[in-house]
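# A look at the structure
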Amino acid sequence: MRKACRKCKAIFEGQNCPVCKGNQFSESWKGRIIVLDLENSEIAKKIKIPSKGEFAIKVG
Ligand SMILES: [Zn+2]
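### Section: the overall build of the protein chain
Of regular secondary structure, the protein chain possesses one helix and five strands. Scaling as 2.2 N^0.38, a compact globule of 60 residues should have a C-alpha radius of gyration of about 10 Å, and the protein chain matches this with 10 Å. A principal-axis box enclosing the C-alpha atoms of the protein chain has dimensions of 30 × 20 × 15 Å. Across the 60 residues in the protein chain, those meeting the buried criterion constitute 32%. Here the protein chain has roughly 4,200 Å² of accessible surface; of this, 50% comes from carbon and sulfur atoms. Charge separation in the protein chain, taken as the distance between the mean sites of 13 positive and 6 negative side-chain charges, equals 7 Å.

### Regarding the nonpolar core
By size, the foremost hydrophobic cluster in this structure holds eleven residues: Cys5, Cys8, Ala10, Phe12, Cys17, Ile33, Val35, Ala44, Ile47, Ile49 and Phe55. Ignoring any residue separated from it by four or fewer positions in sequence, one finds isoleucine 33 in contact with Ser41, Ile43, Ala44, Ile47, Ile49, Gly53, Glu54, Phe55 and Ile57.

### Considering the sheet that holds strand β1 (residues 3-5)
As summarised here, the arrangement of the three strands in space is β2-β1-β3, forming an open sheet in which the pairing is antiparallel. This sheet does not close on itself; its edge strands, each paired only once, are β2 (11-12) and β3 (25-26). Note: β1 against β2, two bridges, orientation antiparallel. Within the sheet, the bridge partner assigned to lysine 3 lies in β2 and is phenylalanine 12.

### Points about the coordination of the zinc ion
Tetrahedral coordination by four donors places them ideally at 109.5 degrees to one another around the metal; octahedral coordination by six donors ideally gives 90 or 180 degrees. Distances from the zinc ion to its protein donors, namely Cys5 (SG), Cys8 (SG), Cys17 (SG) and Cys20 (SG), fall within the range 2.2 to 2.3 Å. Around the zinc ion sit four donor atoms, and with donor-metal-donor angles ranging over 102 to 117° the site reads as tetrahedral.

Conventions used here
Residues numbered from 1 in each chain as written. Predicted model: local features only at pLDDT ≥ 70, side-chain atom pairs only at ≥ 80, totals over all residues. Heavy atoms only, no water. Helix = DSSP H or I, 4+ residues; strand = E, 2+ residues; numbered from the N terminus. Rg over C-alpha atoms; globule rule 2.2 N^0.38 Å. Buried < 20%, exposed > 50% of the residue type's maximum accessible area, 1.4 Å probe, protein only. Areas by Shrake-Rupley, 256 points an atom, 1.4 Å probe, with all protein chains shown as cover. Lys, Arg positive; Asp, Glu negative; His and termini not counted. Charge placed at Lys NZ, Arg CZ, Asp CG, Glu CD. Core = buried A, V, L, I, M, F, W, Y, C linked by side-chain atoms within 4.5 Å. Contact = heavy atoms within 4.5 Å. Pairing = 2+ DSSP bridges. Donors = N, O, S within 2.8 Å, 3.2 Å for Na, K, Ca; no water. Tetrahedral: all angles 85-135°; square planar, octahedral: opposite > 155°, others 65-115°.

Structure (structure tokens):
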């Protein structure tokens with residue numbers, strides 16, 4: 001099951017977040033955004049996404 005990082009909201013599988021290397025995650029997350037162009041993504045700025053990739057909108 002895929003999970004979302006509590007720190008940066010990245011969606012990933014495995015033990016550690018590939019974006020921030022954190023190991024705090026949640027399996028209850030909602031919404032999904034795929035960021036391809038960080039500079040031009042308003043929602044990415046709004047929810048403070050740190051890099052390109054796949055992120056959850058809300059992490060429970
Ligand atoms: Zn992370």
